[in-house]
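Descriptive analysis of the structure
Next come the chains, spelled out residue by residue.
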Amino acid sequence: MSDHEVAPVLRIRGRVLVGPDEVRDGLWAVDGRITYERPPGADDAVTLTGWVLPGLVDAHCHVGLGHDGPVDAATSEEQALADREAGTLLIRDAGSPSDTRWTDEREDLPKIIRAGRHIARTRRYIRNFAHEIEPGDLVAYVAREARRGDGWVKLVGDWIDRDAGDLTACWPRGEVEAAIKEAHRLGARVTAHCFAEDALRDLAEAGIDCVEHATGLTEDTVPLFAERGVAIVPTLVNIATFPGLAAAGEAKFPRWSAHMRQLHANRYDTVRAAYDAGIPVFTGTDAGGSLAHGLIAAEVAELVKAGIPALDALSATAWGARRWLGRPALEEGAPADLVVYDEDPRADVRVLASPRRVVLNGRVTG
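Residues numbered from 1 in each chain as written. Predicted model: local features only at pLDDT ≥ 70, side-chain atom pairs only at ≥ 80, totals over all residues. Heavy atoms only, no water.

**A word on the pairing of strand S8 (residues 88-93)**
This is how it is decided: The classification of residues rests on relative accessible area computed with a 1.4 Å probe and restricted to protein chains. Under 20% of the type maximum is buried, over 50% is exposed, and intermediate values are partly exposed. Secondary structure counts use DSSP, requiring at least four H or I residues in a row for a helix and at least two E residues in a row for a strand, with both numbered from the N terminus. In this analysis, strands are considered paired if DSSP registers two or more bridges between them.
Here S8 lies mainly inside the structure; six of its six residues are buried. For strand S5 (residues 56-61) and S8, the ladder comprises four bridges, and the chain directions are parallel. Its bridge partner lying in S8, valine 57 is registered against leucine 90. Sheet topology note: the S8/strand S9 (residues 111-114) ladder contains four bridges and is parallel. Bridging from a neighbouring strand, aspartate 93 pairs with arginine 114 of S9.

In structure tokens form, the structure reads like this:
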């Protein structure tokens, strides 16, 4: 079947998890869209059976990014397919130097919401990943990426300062405020990479919408994030790499290494404190660069390990995440993007690691 042929009628029998508290006995997919009404052609429908979730969300993923920067289209396709086979059907691409717009024409690849290219301070990020600029240019570059993205802009809020030998904030408060104001004027939300503590208060008070990683949240900034409604995407599968990074940098940057170990040691307590305070928490793997794609199930399991109830951890990759990103879940007329499992994922989120079937735009993939 070509990408533009009409998808077959599908019947999903079982338990459809329309929302955290709403379960239906089945649904249909017709012309790639969900319906709960028996359609014409139902007698010839392809039938799938199981427990159904909306296509999972990886809200921090990098399609088109590799170890050394941008990758070619074939590699980007492999990345997107790995995410799809894991059940990730909606990606918020949290910064990529590659132009992946061509994937929008592919009905067999996950849908991508782009944040443009990372915006970093000069020599304060991974080489070939970001626009590297000075503070005076921040507003102009934020405006540029707001126009190029899909409603998001990604800043690098902190990184190692080689002179200080530790993580420090990258941007002065005034420039951050002006840049976020400009992004909002252009209809874009702003997120920022932050490992450490120093940048968080300025970013929150400047009106930022989200912070990635957020390992530096403290008892002083957790209430501020909650009050301002700043979301976090903890990327715990990425934070698991901190001890190895710390060991590699120990000889040259001992303060940074000790700091990274402490952030790692506190990671679960930090996420649980954020959740308990009412901060919106969503799933992201930080796939691309150094991490493999297709790790969303592991990230949900990490949220549960941190103390987030299973149903809320599922929402962080399903209903809640889709609502946050402005995309439908399993509503009447929505794209038929869903994942079928053998068992109830609410009872054990580890079920997410073994999808029985993945359906994208009404077609069974794989």
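The structure having been displayed, the exposition proceeds.
**Points about the pattern of salt bridges**
We apply this condition: Criterion for a salt bridge: a side-chain nitrogen of Lys or Arg within 4 Å of a carboxyl oxygen of Asp or Glu.
For the coordinates displayed, the defined rule picks out 27 salt bridges. A salt bridge links aspartate 43 to arginine 38; the nearest nitrogen and oxygen atoms lie 2.8 Å apart. The pair aspartate 43 / arginine 38 is uniform in exposure class, with both members exposed. Residue arginine 272 is joined to aspartate 276 by a salt bridge in which the shortest nitrogen-to-oxygen separation is 2.6 Å. Here arginine 272 pairs with aspartate 276, and both are found in helix H9 (residues 267-277), just four residues apart, close to one helical turn. Look at arginine 272 and you get partly exposed, because its relative accessible area is 31%. Because the salt bridges share partners, they merge into one network encompassing Arg173, Glu177, Arg201, Asp202 and Glu205.

**Thoughts on unusual backbone geometry**
Residue aspartate 31 is not a glycine yet carries a positive backbone phi of 50°. The phi dihedral of asparagine 128 falls on the positive side, at around 75°, and the residue is not glycine. Looking at the secondary structure, you find asparagine 128 in the loop between strand S10 (119-121) and strand S11 (131-133). Classification of asparagine 128 by relative accessible area gives partly exposed; the value is 42%.

**Side note on the sheet that holds S9**
Our working rule: Here an axis means a line fitted to C-alpha atoms, over the contact stretch when the element is a helix, while the angle between two N-to-C directions is reported on a 0 to 180 degree scale.
Spatially, three strands are ordered S5-S8-S9 in an open sheet, and the strand pairing comes out parallel. Both edges of this open sheet fall to S5 and S9, since each of them pairs with a single strand only. The average undirected angle you get between the axes of adjacent strands in this sheet is 20°.

**Some details on the side chain of threonine 365**
Rules: Should any heavy atoms of two residues lie within 4.5 Å, those residues are considered in contact.
Residue position: threonine 365 is located in the segment after strand S20 (363-364). Those residues in contact with threonine 365 that lie beyond four places of it in its chain are Arg84, Glu85, Val358 and Leu360.

**What to know about the packing of aromatic side chains**
Two numbers describe a pair of aromatic rings. These are the distance of the centres and the angle of the planes. In plain terms, the rule: Within 6.5 Å between ring centres, the rings of Phe, Tyr and Trp (the latter by its six-membered ring) count as paired, and their orientation is classed by plane angle as stacked under 30 degrees, edge-to-face over 60, tilted in between. Sitting over a ring, as applied to charges here, requires NZ of Lys or CZ of Arg to be within 6 Å of the ring centre and within 35 degrees of the ring normal.
Under the defined criterion, the tally for this structure stands at six aromatic pairs. Note on phenylalanine 195 and phenylalanine 242: the rings are 4.8 Å apart at their centroids and 75° apart in plane angle, and the pair reads as edge-to-face. In this pair, phenylalanine 195 sits in the loop between strand S15 (189-194) and helix H4 (200-205) while phenylalanine 242 sits in helix H7 (residues 242-249), placing the two residues 47 residues apart along the sequence. Taking the relative accessible area as the measure of exposure, phenylalanine 195 reaches 8% and is therefore buried. By relative accessible area, phenylalanine 242 is classed as buried at 0%. Across from the ring centre of tyrosine 36, 4.1 Å away, lies the NZ or CZ of arginine 24, which sits over that ring. The side chain of arginine 267 reaches across the aromatic face of tyrosine 268, ending 4.2 Å from its centre.

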